[in-house]
Amino acid sequence: MSRSTVETAPGDEPAPPPGDDHAFFGQPRGLLTLSGLEVWERFSFLGMQAILVLYFADTVAHGGMGMSSGTAASVSAAYGTLVYLVSVAGGWLADRILGSYRAVLWGGVLIACGHYAMAVPTATMTWVGLGLISAGTGLLKPNVATMVGKLYRTEDERRDAGFALYYMSINIGAFAGPLVTGWLGDHRGWHWGFSAAAIGMTFGLIQYVMGRRHLAGRKRAAEFALTPDAMRRAVLLIALGLLAAAVLAALLAVTGCLTMDRFVDLLTLVSVIAPVVYFAVMFRSPRVTDAERGRLRPYIVLFLASTVFNFILFQAYSTMMLLAASNAETTILGYDFPASWYASALGAFEVALAPVVAALWVRMGHSQPHASNKIAIGVVLGGLSFLLIVLPTSGHSGDDYLMSVWWIVGSYLLLGLGDVLLETSGMSATTKLAPVAFSSQTMSLWFLSLALANGIQAQTVKLYDDVSKPAYFGVNGAIAVAAGLAVMALAPWLRRTMHPVH
């Protein structure tokens, strides 16, 4: 049986059955349990996100929130920022208080409750639901990825292929979610779509609990648990801090000091400061060895590459959705479909491409590209996906044109391939570069790159209504391509400093 890189102490729960090691397409059976959970989590999260910006931008009379396109995209990005900022707390809680298994379980419960809240057709419940989903995703996302890493030895060459299969599996949910929520939102109302997301997350929780015996490293306690006294103090401080923050936010909102624009700006500021502080803490920690500290330096490059790529990727659910709704055909082979279904194309491409990429890496073995080059290629492809959109949006005197379906589909094909290359290699590298004492928290640091991407996006998308579409997509795409080429130029240094990542 492949073991976790963190040793299991005597008296902990027994390891998964030995026969699990190659039970899921040559991978540990625990990968099936975790992938199954993520299928339904992505079904609910991306199913909701595919219609969220459209819900924000729709008129109040039609059941929406009545925001302008730029504001709707900015608020949607701010929500994404909050989701990934909370992942830092989720990693710390798993390491020090809850343990990964319980952190994921309670995170899933909060996500489900949040989607059920959003099913209630009031603006207040929408904001309550988004808050619960943010908290739950922050608990679940970094710790699921960490649990996948624990299924393999550090030197196990199946690790990258395992992460690719994991990513393929969860993108089944990314494909199916927008199809269901988009159809319900278009035909029955936005809150019907949010209801489907709630039911999906409930299914995910059920299969996670049923398959828990196959998870490596599952423990009743956190791996680096606080002492009982310190834990009680931490729980008390967390509870008081959350209560104080809620009261302060309510007072500022009532007095008019905390507006939506200011809240978005605050989240962007925090998304910039948080990774800087987090890297500083890890570099200075006495629990991090010199060798581990040396591997964190190249990780900064991977962090920035992830930020640039995900800045493009997340706009698949904001500006690209708005573009599809206003300027793209929604008919194919005589069949009309909701604009939100374009988001399913991204998931479909990732489902189709992930096993091909996984098989390619296994076949190439030691001759496969270095992880940094895989990530760099992913960033370049993300930039090209935006540059492609420049062609059909150029040369129009007005804004009443409709582009062919295939322009959006082609853009999502490039973006999907880039996502498979970057995210699987990035998450795999993170689990190998992580200092032992910060195992779950280092995965949280990867998700902070997603928070920073969303934080930057929350500001940039405000320009969507103010500049031409060719300029908007062209400039952002060119920046991403340049960033990918810069990572390629750093490849020799990255190879030397990223051992044991290859």
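Cut-offs used in this document
Residues numbered from 1 in each chain as written. Predicted model: local features only at pLDDT ≥ 70, side-chain atom pairs only at ≥ 80, totals over all residues. Heavy atoms only, no water. Helix = DSSP H or I, 4+ residues; strand = E, 2+ residues; numbered from the N terminus. Buried < 20%, exposed > 50% of the residue type's maximum accessible area, 1.4 Å probe, protein only. Contact = heavy atoms within 4.5 Å. Areas by Shrake-Rupley, 256 points an atom, 1.4 Å probe, with all protein chains shown as cover. Core = buried A, V, L, I, M, F, W, Y, C linked by side-chain atoms within 4.5 Å. Salt bridge = Lys/Arg side-chain N within 4 Å of Asp/Glu carboxyl O. Phe/Tyr/Trp six-rings, centres within 6.5 Å; stacked < 30°, edge-to-face > 60°. Lys NZ or Arg CZ within 6 Å of the ring centre and 35° of its normal. pLDDT = per-residue confidence, 0-100. Lys, Arg positive; Asp, Glu negative; His and termini not counted.

K.L.:
Where do I start with the overall build of the chain in this structure?
P.N.:
Along the chain, the regular secondary structure elements total 16 helices and two strands. Here the chain holds 502 residues, and 57% of them are scored as buried. For the chain, the share of sequence-separated contacts (at least 6 apart) that also reach a separation of at least 24 residues comes to 83%. A total of about 19800 Å² of accessible surface is found on the chain, and carbon and sulfur atoms cover 69% of it.

K.L.:
Looking at this structure, how should I read the nonpolar core?
P.N.:
Burial of nonpolar side chains together is a common tendency in soluble globular proteins. Ranked by internal contacts, the top residues of the largest apolar core, which has 128 residues, are Met-48, Phe-56, Tyr-342, Ile-408, Tyr-412 and Phe-473. When residues in this core are grouped by element, the largest group, 13 residues, is from helix 1 (residues 30–57). Dropping the residues within four chain positions of it, Phe-56 is found in contact with Met-65, Gly-66, Met-67, Ala-72, Val-75, Ser-76, Trp-127 and Leu-130. The next biggest cluster of nonpolar side chains, apart from the first, holds seven residues, and it includes Ile-97, Ala-103, Leu-139 and Ala-234.

K.L.:
Before we go on, may I ask you to explain the pattern of salt bridges in this structure?
P.N.:
Oppositely charged side chains are able to pair whenever their charged atoms sit close together. In the structure shown here, the tally under the stated rule is four salt bridges. Residues Lys-141 and Glu-38 are paired through a salt bridge, measuring 3.1 Å at the closest nitrogen-oxygen approach. Pair noted here: Lys-141 is in helix 4 (residues 123–149) and Glu-38 is in helix 1, with a separation of 103 residues, a long-range link. Pair check on accessibility: Lys-141 and Glu-38 agree, each one buried. The partner of Asp-265 in a salt bridge is Lys-462, and the shortest N-O contact between them spans 3.1 Å. With a gap of 197 residues between them, Asp-265 in helix 8 (residues 260–284) and Lys-462 in the loop between helix 14 (439–460) and helix 15 (469–489) connect regions that are remote in the sequence.

K.L.:
Please explain the packing of aromatic side chains as it appears in this structure.
P.N.:
In this description, a pair of aromatic rings is defined by centroid distance and the angle of the planes. What the rule picks out here adds up to 17 aromatic pairs. On the basis of an interplanar angle of 65° and a centroid distance of 5.2 Å, the ring pair of Trp-40 and Phe-203 is categorised as edge-to-face. Separated by 163 residues along the polypeptide, Trp-40 in helix 1 and Phe-203 in helix 6 (residues 190–210) bring together distant segments of the chain. Of the residues examined, Trp-40 reaches a relative accessible area of 28% and is grouped as partly exposed. Its relative accessible area of 43% is what places Phe-203 among the partly exposed residues. Measuring from ring centre to ring centre gives 5.4 Å for Phe-337 and Tyr-342, while their planes differ by 75°; the resulting arrangement is edge-to-face. Look at Tyr-342 and you get buried, because its relative accessible area is 3%. Aromatic rings pair up to connect Tyr-55, Phe-56, Trp-127 and Phe-194 into one cluster. Above the ring of Trp-192, the side-chain terminus of Arg-188 is found at 4.8 Å from the ring centroid.

K.L.:
Even after reading the chapter, I still don't get the environment of Ala-274, so can you show me in this structure?
P.N.:
Topologically, Ala-274 is positioned in helix 8. The spatial distance from the C-alpha of Ala-274 to the C-alpha of Val-88 is 9.0 Å, given a sequence separation of 186 residues. Setting aside its immediate chain neighbours within four residues, Ala-274 contacts Leu-85 and Leu-448.

K.L.:
I tried to follow the confidence of the model for the chain on my own but got confused; where do I start?
P.N.:
Interpretation of the predicted coordinates at a detailed level should be avoided for regions scoring low in pLDDT. Overall, the predicted model of the chain reaches an average pLDDT of 82, with 89% of residues at or above 70. For the chain, helix 7 (residues 228–254) is the element with the lowest average pLDDT, namely 78, and helix 15 is the one with the highest, namely 93. When the criterion is pLDDT under 50, residues 1–12 qualifies, and its contacts beyond four places in sequence or with other chains add up to 26 contacts.

K.L.:
Can you help me understand the side chain of Asp-419 in this one?
P.N.:
By the element assignment, Asp-419 lies in helix 13 (residues 405–433). As a buried residue without a salt bridge, Asp-419 has its nearest oppositely charged side chain in Arg-42, at a separation of 8.2 Å. For Asp-419, the contacting residues outside a window of four places in its chain are Tyr-167, Phe-309, Leu-313, Glu-350 and Thr-424.

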